[in-house]
Amino acid sequence: MARIAARAMIVSTLAALLLLGVGVSAASALPFPDVEPTDWFYEAVDVLSDAGVIMGLPGGTFGPYQTVTRAQFAAMLSRALATPEAVDEPFDDVSDTDWFQAPVASLYEAGLLMGTTRTTFSPSLGIPRQQVATLMIRALVYRFQTEPQEGVEIALDSAQVDGWLAGFSDRYDIYAIHRAEVADAVRLGVVKGTLDGRFMPLGTLTRAQAAVLLYRALYQPLVPLTTQPAPVPAIPQVTLQQGSTGAYVALLEQRLAALKYAVGVADAKFDEALRDAVRAFQKVEGLERTGTVGPSVWKRLDTAVTPSPRNWAAGERVEIALTRQVLFLISGNRVTRILAVSTGASSTPTPAGSFRILRKIDAWRESSLGLLYKPSYFYGGIAIHGSYSIPTYPASHGCVRIPYWATDAIYPLLPVGMPVDVYR
């Protein structure tokens, strides 16, 4: 069905869309209840829905302020370009039964789309703005092979790239592999910066923003700008730490949450919970466990993917990686939540092996070795429990300490009988 849907993407009639089972075209539902004619994105949504490029969400809404996922954007782009059907699927996390299989395979075969790694696509993640700019320039090059637009060329030298990016105060945050494409996308009027003069290269797009970018690039005549932006002072790459606030903190929360790290409340405040999430990310990625976010963390966040479980087993379970000092909650062989932990010190190590949750106490427990918050025991007196102290290294008396702030949410997810795999 997914491969049939790929061929149906250029069909504009509602009857054909219904026949092929790809869902009701947004054209039949406009205005969506959450899209008003006064919205800045209304025209883009209207045109793209009429063209069969964008579809509504279950329930008939458009969800303009929801983050557009990699799978959703791939489907939109494939429909807009009418890329040919492809048979081979190169990504391990995209199956033949996934609704987005056909557009992902089609774009990959056309040379337009790459994975987050060589073998993974990460369909549920958002797409950083710098990657979207690169995708849009690739899409234009692809279209110009058969539909060239007079007076529009896709080529900039290094000096021109610097000139077109000079209007962004965070231009040095744009990765080298994306700089030329971002500059060209600016020159062609496809992408713009924020009101305060930043590009926010690691920020992700909403569904409304994705529709507008596709509309500008592929459904309106391109009118290249002739005057480069006035240069503004470049700001150093933002370093975040506990106590920081603002847009970059919100971006960090969003990105880590998408990768399944537990971040607490997403409130654009770098609190203890976000610090622990950063530490967990640093542990998984093999970075220094500082709890602060500098260039090495920002760089890794652009390409990071949710880690895969070490073991393969059905159902819901827990894995505890002693070397990395993290806990993975797993469902259907996919990691659903990641927490920083502190396991047993060298003198009182946490035992490795396969266990199950044996018993639980839904309260504080005072043991001979200290206080345990809501312990879930999996080996004698050794438990997964909440604690106020989560060092970045093994420091407990054998238990697996998880952050106190996360314990109330994690405790009910560890029922008696749940498998617990502990490994080095």
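Residues numbered from 1 in each chain as written. Predicted model: local features only at pLDDT ≥ 70, side-chain atom pairs only at ≥ 80, totals over all residues. Heavy atoms only, no water.

**Quick notes on the packing of helix α4 (residues 70-81) against helix α6 (residues 129-144)**
And then number 1: Between α4 and α6, whose axes approach to 11 Å, the crossing angle comes to 20°. By the angle between their axes, α4 is roughly parallel relative to α6. In this structure, α4 meets α6 at a crossing whose hand is right-handed. Note on element contacts: α6 touches α4 through Q131, V132, L135, M136, A139, Y142 and R143, opposite R70, F73, L77, A80 and L81. (Axes fitted to C-alpha atoms, helices over the stretch in contact; angles between N-to-C directions. Helix = DSSP H or I, 4+ residues; strand = E, 2+ residues; numbered from the N terminus. Parallel < 35°, antiparallel > 145°, perpendicular 65-115°, else oblique. Left-handed = near helix turned anticlockwise from the far one by under 90°. Contact = heavy atoms within 4.5 Å.)

**Notes on the sheet that holds strand β1 (residues 316-321)**
And then number 1: Strand order in the open sheet made by the five strands is β3-β2-β1-β10-β4, with mixed pairing throughout. Two strands close off the open sheet at either side, each with one partner strand: β3 (334-340) and β4 (353-356). Across the sheet, the mean angle separating the axes of adjacent strands is 20° when strand polarity is ignored.
And then number 2: Pairing of β1 with strand β2 (residues 326-331) involves six bridges; the strand directions are antiparallel. Residue R317 lies in a different strand from β2, and its bridge partner there is I330.
And then number 3: Against the sheet, helix α11 (residues 272-285) touches β2 and β3, its axis set at about 115° to β3. (Pairing = 2+ DSSP bridges.)

**A few points about the nonpolar core**
And then number 1: In this structure, F73, L77, V190 and L218 are the most contacted members of the largest nonpolar core, which totals 60 residues.
And then number 2: Sorting the residues of this core by element identifies α3 (42-50), α4, α5 (101-109), α6, α7 (158-165), α8 (176-187) and α9 (207-218) as the ones contributing at least two each.
And then number 3: No other element matches α9, which puts nine residues into this core.
And then number 4: Among residues more than four places away in sequence, those in contact with F73 are V68, I127, V132, L135, M136, A210 and L214.
And then number 5: The next biggest cluster of nonpolar side chains, apart from the first, holds 35 residues, and it includes L202, Y248, F328 and Y423. (Core = buried A, V, L, I, M, F, W, Y, C linked by side-chain atoms within 4.5 Å. Buried < 20%, exposed > 50% of the residue type's maximum accessible area, 1.4 Å probe, protein only.)

**So, the pairing of β1**
And then number 1: Extensive coverage of β1 is indicated by the burial of five of its six residues.
And then number 2: Remark: four residues form the turn of the hairpin made by β1 and β2, two consecutive strands paired antiparallel; Q325 in that turn has positive phi of roughly 60°.
And then number 3: Inspection of the sheet shows β1 paired to strand β10 (residues 419-423) by four bridges, in the parallel sense. Each bridged residue has a counterpart across the sheet, and for A321 the counterpart in β10 is Y423.

**A look at unusual backbone geometry**
And then number 1: Its identity is not glycine, yet A82 carries a phi of approximately 50°, on the positive side.
And then number 2: Mapping A82 onto the fold places it in the loop between α4 and α5.
And then number 3: Here K260, not a glycine, exhibits a phi torsion of approximately 85°, which is positive.
And then number 4: As for its placement among the helices and strands, K260 is situated in the loop between α10 (247-258) and α11.
And then number 5: A residue is classified by how much of its surface remains accessible, and K260, at 32% relative accessible area, is partly exposed.

**So, the pattern of salt bridges**
And then number 1: The final tally for this structure, using the stated rule, is 10 salt bridges.
And then number 2: A salt bridge links D196 to R198, with the shortest nitrogen-to-oxygen separation between them at 2.7 Å.
And then number 3: A residue is classified by how much of its surface remains accessible, and D196, at 47% relative accessible area, is partly exposed.
And then number 4: The class for R198 is buried, based on a relative accessible area of 15%.
And then number 5: Each of E272, R275 and D276 takes part in a single network of salt bridges with overlapping partners. (Salt bridge = Lys/Arg side-chain N within 4 Å of Asp/Glu carboxyl O.)

**Concerning α8**
And then number 1: An ideal rise of 1.5 Å per residue puts 16 Å on 12 residues; α8 measures up with 18 Å between its terminal C-alpha atoms.
And then number 2: All buried positions along α8 are accounted for by H178, R179, V182, A183, D184, A185, V186 and R187.
And then number 3: Packed against the buried residues of α8 are α6, α7 and α12 (295-303).
And then number 4: With its phi angle positive at about 75°, G189 sits one or two positions after the end of α8. (Expected span 1.5 Å × (residues − 1).)

**Some thoughts on the packing of aromatic side chains**
And then number 1: Scanning the entire structure with this criterion turns up 16 aromatic pairs.
And then number 2: When the ring of F91 is compared with that of F121, the centres are 5.5 Å apart and the planes differ by 35°; the resulting orientation is tilted. Highlighted residues: F91 in the loop between α4 and α5 and F121 in the loop between α5 and α6, separated in sequence by 30 residues. Considered together, F91 and F121 belong to a single accessibility category, that of buried residues.
And then number 3: Seen from their ring centres, W364 and Y404 are 5.8 Å apart, and the 15° between their planes marks the pair as stacked. Taken together, the residues span a long stretch of sequence, with W364 in strand β6 (residues 364-367) and Y404 in helix α13 (residues 404-410) at a distance of 40 residues.
And then number 4: Relative accessible area serves as the criterion here: at 29%, Y404 is assigned to the partly exposed category.
And then number 5: Site record: aromatic cluster; members linked through ring pairs are W364, Y373, Y388 and Y404.
And then number 6: The ring of F199 has R129 sitting right over it, with the charged end atom 4.6 Å from the ring centre. (Phe/Tyr/Trp six-rings, centres within 6.5 Å; stacked < 30°, edge-to-face > 60°. Lys NZ or Arg CZ within 6 Å of the ring centre and 35° of its normal.)

By themselves, these are just geometric observations and shouldn't be taken as functional.
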